[in-house]
Amino acid sequence: MKIKRLLARLVLLVTRWRVAPPVPSSRHFVLIAAPHTSNWDLLHLLSLAWSVGVPVSWMGKHQLFRGPMGPVMRALGGIPVRRDRRNDLVAQVAALFRERDELVVVVPAEATRSRAEYWKSGFYRIAQAAGVPVHMGFLDYATHTGGFGAFFVPSGDVRADMDVVRAFYADKQPRYPDCFGPIRLRDEEPAQG
């Protein structure tokens, strides 16, 4: 971890990014990665986390783990996700939380760098199933700061919890604002008939 921390601090110095306090003392939570509109977001997020000693695991599309880049992505904390198959990822990640005393799993809630009309609810359902809090990780390109924002424990009232999330991200500037869609889950929509 010392080498990762040194490399991360060098990246932050070169890119002129800085960590916004506070840094969570717990190392057992789900971390929302938002806004996510650029390939640079992963580099910034990993650098911010490693620079303050938070070891993160992150979920990415399985195609990133093919060929010679596979071992590199795994060494960087990557967990391949098959979005084209139903494989009960929520239960699998919740089980990892139960097995480990320290685990921080980063979930890009938008699940894409392009504009999405809805966020994926995986971050919420994983935290609920594992009984761990959700921290709101952020990158603010307007200030070149990022870090670990407020946190909440999913209450089951999805709309109320997402109101907290929306309020937190309201002033965070993505790299490409047109690619950042509304902050909402399909679970918030009233059931159709």
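Structure: above.
An account of the accompanying structure is given in this report. (Residues numbered from 1 in each chain as written. Predicted model: local features only at pLDDT ≥ 70, side-chain atom pairs only at ≥ 80, totals over all residues. Heavy atoms only, no water.)

The number of helices and strands found in the protein is six helices and seven strands. Rg of the C-alpha trace for the protein: 16 Å, near the compact-globule value of 16 Å for 193 residues, within the 12% margin. By its C-alpha atoms, the protein is 55 × 35 × 35 Å across when sized along the principal axes. Residue pairs at least 24 apart in sequence account for 71% of intrachain contacts in the protein once pairs closer than 6 positions are excluded. Here the protein has roughly 10,400 Å² of accessible surface; of this, 55% comes from carbon and sulfur atoms. Side chains of the protein give 26 positive and 17 negative charges; the mean places of these two sets differ by 9 Å. (Helix = DSSP H or I, 4+ residues; strand = E, 2+ residues; numbered from the N terminus. Rg over C-alpha atoms; globule rule 2.2 N^0.38 Å. Contact = heavy atoms within 4.5 Å. Areas by Shrake-Rupley, 256 points an atom, 1.4 Å probe, with all protein chains shown as cover. Lys, Arg positive; Asp, Glu negative; His and termini not counted. Charge placed at Lys NZ, Arg CZ, Asp CG, Glu CD.)

Evaluated as defined, the whole model comprises one cavity of 30 Å³ or more. Reported here for the largest cavity is a volume of approximately 30 Å³. Lining the largest cavity are Leu31, Leu45, Leu48, Ala49, Phe138, Gly147 and Phe148. If you list the elements that add at least two residues to the lining of the largest cavity, you get helix 2 (40-51) and strand 7 (145-152). At three residues, the largest contribution of residues to the lining of the largest cavity is made by helix 2. Here the lining of the largest cavity is built from residues that sort into six nonpolar, one polar and no charged. (1 Å grid on protein atoms, 1.4 Å probe; cavity = no way out; pocket = protein on both sides within 12 Å on 5 of 7 lines; lining within 4 Å. Points joined across faces, edges and corners; volume = space filled by probe spheres on them. Nonpolar A, V, L, I, M, F, W, Y, C, P; charged D, E, K, R; others polar.)

Right, let's talk about the sheet that holds strand 1 (residues 18-20) for a bit. In any sheet, the strands associate via hydrogen bonds between backbone groups, in a parallel or an antiparallel arrangement. Ordered by their spatial adjacency, seven strands build an open sheet running 1-7-6-2-5-3-4, and the pairing between neighbours is mixed. Two strands close off the open sheet at either side, each with one partner strand: strand 1 and strand 4 (78-81). Within this sheet the neighbouring strands show an average axis-to-axis angle of 25 degrees, counted without direction. Pairing of strand 3 (residues 57-61) with strand 4, which is carried by four bridges, proceeds in the parallel orientation. Bridging across to strand 4, glycine 60 finds its partner in proline 80. On top of the sheet, helix 2 reaches strand 1, strand 2 (28-34), strand 3, strand 5 (103-107), strand 6 (134-140) and strand 7; it is set at about 120 degrees to strand 6, its chief contact. (Pairing = 2+ DSSP bridges. Axes fitted to C-alpha atoms, helices over the stretch in contact; angles between N-to-C directions.)

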